[in-house]
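Structural overview for review
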Amino acid sequence: MAEVMEKHGKVNLLGMSRQQLEAFFTEIGEKPFRASQLLKWVHQQGVTRFEDMTNMSKALRSKLEAEVSLEVPEVVLDKVSADGTRKWVMQMAGGSRIETVFIPENERGTLCVSSQIGCSLDCSFCSTGKQGFNRNLSSAEIIGQLWVAARALGHAADSKKRAITNVVFMGMGEPLMNFDNVVSACSLMMDDFAYGLSKRRVTISTAGLVPALDRLGEVTDVSLAISLHAPNDTLRDVLVPLNRKYPISELMRASRDYLGKLPDNHRKATVEYTLIEGVNDQPEHARELVEVLRDLPCKVNLIPFNPFPLSDYRRPSRNAVMRFHRVLAEAGYITTIRTTRGDDIDAACGQLVGQVEDRTRRQARYINAVNISEGETRL
Ligand code: SAH
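So, how was this worked out
- Residues numbered from 1 in each chain as written.
- Predicted model: local features only at pLDDT ≥ 70, side-chain atom pairs only at ≥ 80, totals over all residues.
- Heavy atoms only, no water.
- Pairing = 2+ DSSP bridges.
- Helix = DSSP H or I, 4+ residues; strand = E, 2+ residues; numbered from the N terminus.
- Axes fitted to C-alpha atoms, helices over the stretch in contact; angles between N-to-C directions.
- Contact = heavy atoms within 4.5 Å.
- Phe/Tyr/Trp six-rings, centres within 6.5 Å; stacked < 30°, edge-to-face > 60°.
- Buried < 20%, exposed > 50% of the residue type's maximum accessible area, 1.4 Å probe, protein only.
- Expected span 1.5 Å × (residues − 1).
- Near = heavy atom within 4 Å.
- Polar contact = N/O pair within 3.5 Å; in protein donor to acceptor, adjacent residues only side chain to side chain.
- Areas by Shrake-Rupley, 256 points an atom, 1.4 Å probe, with all protein chains shown as cover.
- Nonpolar A, V, L, I, M, F, W, Y, C, P; charged D, E, K, R; others polar.
- Domains from an automatic or database assignment.
- Buried area = accessible area lost by both parts, 1.4 Å probe.
- Salt bridge = Lys/Arg side-chain N within 4 Å of Asp/Glu carboxyl O.
- Core = buried A, V, L, I, M, F, W, Y, C linked by side-chain atoms within 4.5 Å.

The next point concerns the sheet that holds strand 9 (residues 166-169). Strand pairing within a sheet occurs via backbone hydrogen bonds; the two strands may be parallel or antiparallel. A sheet is described by the order of its strands in space; here ten strands give the open sequence 3-4-5-6-9-10-11-12-13-14, paired in mixed fashion. Only two strands of the sheet have a single partner each, and these edge strands are strand 3 (74-80) and strand 14 (335-337). Direction aside, the axes of adjacent strands within the sheet are offset by 20 degrees on average. Seen against the sheet, helix 6 (residues 179-190) touches strand 9 and strand 10 (202-206) and runs at an angle of roughly 160 degrees to strand 10. Packed on one face of the sheet, helix 11 (residues 318-330) meets strand 12 (269-275), strand 13 (298-304) and strand 14 and runs near 165 degrees to strand 14.

Structure below.
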């Protein structure tokens, strides 16, 4: 319960799954069906004042008002890109800020949510990591991002009229390092009394925290994306330092096991591969990747690197991307190339930085380096 305590010291009901709400209502002497009523008010109607929940008795409303809270994140910036991508910057308790991005496409609308303030993994090509790490987001702060976006975009209960059809945990942070809160938030995303998204359309993306991935299949059946980025351990150790602890073979084994636990056995994982010029974008890397993926039912998503200040990495040419794509496609993999969206509002992959009150020393080192290099270019 500590995770859902908010600044007034009251329990915040926003992040509670139906199960947790049922337990809560039972504990205060109410019937469990109150949980579904509350979910509908909050997540479908957008109502956060207990006094407006008119199908509950006055006595119950007063009790809730006195004893618990419903707090949603505070939006400090709401920006729309030329291509329709929209980004919200939200203020979190403690002073840090996180980012959430909505990407509209023809048939779908994807919300990219953050799971942590900053990230502790420090992948060499990701700017979020350079901001250091502050803390995990509570389940209320995670589902709160969907609440804010759903209000802004209109989220109909009717699945055919929805603006938000998909949610991906590809914003700031490593979702599996914040296991319980991410799982609770996922359960709300998929609950018919809350957002009613299909389990195929909620995706947890991980850099490869193997022990957590091994537990994930026991508690949820959302879709899985793995951030691979390299076809061998020597290279992946450099790009994704977590690989030194959990090498590729372990990650492949855990991903396969996760898919094996899902009730419908035709699901595939998504393998994310950020293409960096001269680092991991050569045809031999693609051929090695084909071998590595051999035993994993998957599709591949290629992400041309998005540059950020003080990164020496570069995006490969279109030709190099197409060449890499061809090797995978010819080996039979469904392979998509992620188009860069929202880079004019710094909303593209790897550009989400928020404003992290860093608890590590990484941010200070990075910011010093950026200032020095900007000084140099000005001279
Ligand atoms: N920690 C999780 C969730 C973050 S997902 C994970 O690693 O999967 C963010 C995705 O964007 C990851 O696949 C990441 O590797 C990719 N990414 C990060 N920085 C990038 C950059 N500069 N250019 C392109 N893609 C990047």
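A few words now on the packing of aromatic side chains. Both the distance between ring centres and the angle between the ring planes are used here to describe each pair of aromatic rings. Overall, the coordinates contain four aromatic pairs when judged by the stated rule. For the pair Phe24 and Phe25, a centre-to-centre distance of 5.1 Å together with 65 degrees between the ring planes defines the contact as edge-to-face. Overall, the relative accessible area of 12% leaves Phe24 in the buried class. For Phe25, a relative accessible area of 0% corresponds to the buried category. For the ring pair Tyr273 and Phe324, a centre distance of 5.0 Å and an interplane angle of 35 degrees mean the geometry is tilted. Within this pair, whereas Tyr273 is found in strand 12, its partner Phe324 is found in helix 11, the two being separated by 51 residues in sequence. Judged by its relative accessible area of 0%, Tyr273 is buried.

With that settled, consider the environment of Arg49. If you trace the backbone, Arg49 turns up in the loop between helix 2 (34-44) and helix 3 (58-67). On the basis of relative accessible area, Arg49 is assigned to the partly exposed category, the value being 47%. Linking Arg49 and Glu71, residues 22 residues apart in sequence, is a C-alpha distance of 9.6 Å.

Taking 1.5 Å of rise per residue, twelve residues should cover 16 Å, and helix 6 covers 17 Å from first to last C-alpha, within 8% of that figure. Among the twelve residues in helix 6, ten count as buried, and that is most of the element. Where helix 6 is concerned, the buried positions are Phe179, Asn181, Val182, Val183, Ser184, Ala185, Cys186, Leu188, Met189 and Met190. Those residues of helix 6 that are buried are in contact with helix 1 (18-27), helix 2, helix 5 (139-153), strand 9, strand 10 and helix 7 (210-219).

This paragraph deals with the site of the ligand. Inspection of the region around the ligand gives 20 residues, with Phe125, Ser205, Ser227, His229 and Asn306 positioned closest. At a separation of 3.1 Å, a nitrogen atom of the ligand approaches a polar backbone atom of Gly173. The side chain of His229 places a nitrogen or oxygen atom 2.7 Å from an oxygen atom of the ligand. About the coverage of the ligand: the protein hides 94% of its 540 Å² of free accessible area. Of all elements in the fold, only strand 10 and strand 12 reach the threshold of two or more residues within the shell around the ligand. Residue classes in the shell around the ligand are distributed as nine nonpolar, nine polar and two charged.

Below, the discussion takes up the domain arrangement of the protein. Split into domains, the protein comes out as domain 1 (11-69) and domain 2 (74-364). Between the C-alpha centres of domain 1 and domain 2 there is a distance of 32 Å. Each partner contributes residues to the interface: domain 1 has 16 residues there, and domain 2 has 15 residues. Counting each side, the surface lost to burial between domain 1 and domain 2 is near 1,300 Å², with a carbon and sulfur contribution of 57%. Between Asp191 and Arg18 there is a salt bridge; the shortest N-O distance is 3.0 Å. Inspection of the domain 1/domain 2 interface yields nine residue pairs in polar contact (both at pLDDT 80 or more). Listed by contribution, the elements that provide at least two residues to the side of domain 1 that touches domain 2 are helix 1 and helix 2.

Moving on, we get to the nonpolar core. Counting residues in each nonpolar core, the largest one holds 105 residues, and the members touching the most others are Leu13, Leu38, Met53, Leu64, Leu111, Met189 and Leu293. Here this core gathers at least three residues from each of two domains, domain 1 (11-69) and domain 2 (74-364). Apart from the residues lying within four places of it in its own chain, the contact partners of Leu111 are Trp88, Thr100, Val101, Phe102, Gln145, Leu146, Ala149, Ile164, Asn166, Val167 and Val168. One finds Ile103, Val168, Ile345 and Ala347 within the second-largest nonpolar core, a separate group that totals six residues.

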